[in-house]
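Breakdown of the fold
Listed below, chain by chain, are the residues.
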Amino acid sequence: MYGKRPQLVLALIPASHPWLVTGFTVEALEKIVGGTVQQEQQVVVVGAGPTGLVTALGLAQQGVEVTVVERAAGLQNSPRAIVYHWATLDGLERLGLFDEAVKAGFLKQDYAYRIRRTGEIIEYGLKPLEGRVKHPYNLHLGQGALAQVILDEVETYDNVRILWNHELVGVRQDADRVSVVVRNPDDDVTLNAGWVVAADGAGSKARSLLDLGFDGMTWPERFVATNIRFPDDRDGWAQSTFYVDDVYGAIIAKIDESGDHGLWRYTYMEDAALPVETLTDRLPSFLAAVFGEDVAGQIELDAISPYSMHQRSASTYRTGRVLLAGDAGHATNPCGGLGLTMGLFDAYALIEALGAVVSKGADDGILTAYADARRSAFVDKASPRASSNKQLIFHSGDPAKLDRDLDLFRRMSRDPELAAEVLYFTKTLETPSLLAV
């Protein structure tokens, strides 16, 4: 009988193999002989980001034996996703993660558009959702902190194990099983399973090994995500602010309540031809343009991460016994916070569908339905919306067009019914139960 792990015995892991496993009981450790991990499991999840860990947790809660493989030595904490839309919070609650996630972050409702050219501020929020949905607010929390909350819960189950420092190097499959070859600092290990979930990010090795296309485009600009600390509480600024300008456009959002005034994310865009080595030399001019010289001079830089932006999707999210989820299946620019939102929705759908196949003998056609539904949700809804968000925030040089685009948000600030209707878009990105079809 699988369930919560009664006792952790990490001290039994050989000091010569610190890369091997995390969080095993004595019973689980008996499955490791001579440095070789037991090769049979029901599901292998590639990637220990939030999407992969949530998927592993949801399957483990159904009694499925899961092995997670991750090429890094531990969780990553570079500036990534920070906002989890209200519609994703039901799923976190079902998995027993909501309360701890809220403790680590905070809940909020407010949004604002600030127009640099005119000085106009348009404020609206999630209050119109009150009485209509269970969680009428967003959760703000760094992606690394969310991953830690999930990992802490995963490690309480004795039917899931995580192999850190294990890089995927091979995949082969037939009608009955799939085998993945992972490389650790000492040797290669083959893991056999009924199914593999590839959740190893936009640069997915699994997707590459399977020769799946990643159709779409890469934006010509460079995005720069920074974590910063202000010298004040930013009174008058919404905790999610879109600063609209075709030169100094930015997304500014509070990440958490740490320190005197919280940790904030400031994301802006620059010419990709500029040398990345002098990135921090250019940052002060952007900060000064948005916040003023006095404030900019007192801002503390906590972390900075430049990256390319994409609008891409895999050609399919299922090939045989391998299923794609999260950024391994799709990549989007961060405008609107739809990247990890889609990853969580992928995980929720896959937990139900794959769990039914593995533990209840459901027809695996449901997994094809998963793949089709999630690809459609991204290609037809999430990606176009993120692209239009980017256009509005960062490419607003046409005053007449900008005025037309902003009119919806002006009306939302005055009309709660309209606001609720528009805000419900996020819920449409979630796939309804495939078991009911």
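In what follows, the accompanying structure is described. What you see is a predicted model; the values in this text were computed from it and never measured.

This part takes up the side chain of Glu221. Mapped onto the fold, Glu221 is located in strand E15 (residues 214-229). On the basis of relative accessibility, which here comes to 16%, the residue Glu221 falls in the buried class. One polar contact links Glu221 to Lys390, side chain to side chain, over a distance of 3.2 Å. Each residue touching Glu221, except ones within four places of it in the same chain, is listed here: Met269, Glu270, Ala272, Met309, Lys390 and His395.

In this section: unusual backbone geometry. At Asn165, a residue that is not glycine, the phi angle is positive and equals roughly 60°. Along the chain, Asn165 falls in the loop between strand E10 (160-163) and strand E11 (167-173). Looking at Asn165, the relative accessible area reads 28%, which means it is partly exposed. A positive phi angle, close to 60°, is found at Arg234, a residue other than glycine. Topologically, Arg234 is positioned in the loop between E15 and strand E16 (240-244).

Let us now look at the environment of Thr332. Residue placement: Thr332 occurs in the loop between strand E22 (330-331) and helix H9 (339-360). Each C-alpha atom, one on Thr332 and one on Tyr307, is 12 Å from the other, the two residues being 25 residues apart in sequence. When neighbours within four sequence positions are excluded, Thr332 is seen to be in contact with His310, Gln311, Leu338, Gly339, Phe378 and Ala386.

In this section: the pattern of salt bridges. Tallying each qualifying case throughout the model produces 18 salt bridges. Among the ionic pairs, Glu257 bridges to Lys254, the shortest N-O distance being 2.9 Å. Judged by its relative accessible area of 46%, Glu257 is partly exposed. Using a relative accessible area of 11% as the deciding quantity, one classes Lys254 as buried. The network of salt bridges with common partners includes Glu120, Asp403 and Arg410.

So, how was this worked out
Residues numbered from 1 in each chain as written. Predicted model: local features only at pLDDT ≥ 70, side-chain atom pairs only at ≥ 80, totals over all residues. Heavy atoms only, no water. Helix = DSSP H or I, 4+ residues; strand = E, 2+ residues; numbered from the N terminus. Buried < 20%, exposed > 50% of the residue type's maximum accessible area, 1.4 Å probe, protein only. Polar contact = N/O pair within 3.5 Å; in protein donor to acceptor, adjacent residues only side chain to side chain. Contact = heavy atoms within 4.5 Å. Salt bridge = Lys/Arg side-chain N within 4 Å of Asp/Glu carboxyl O.

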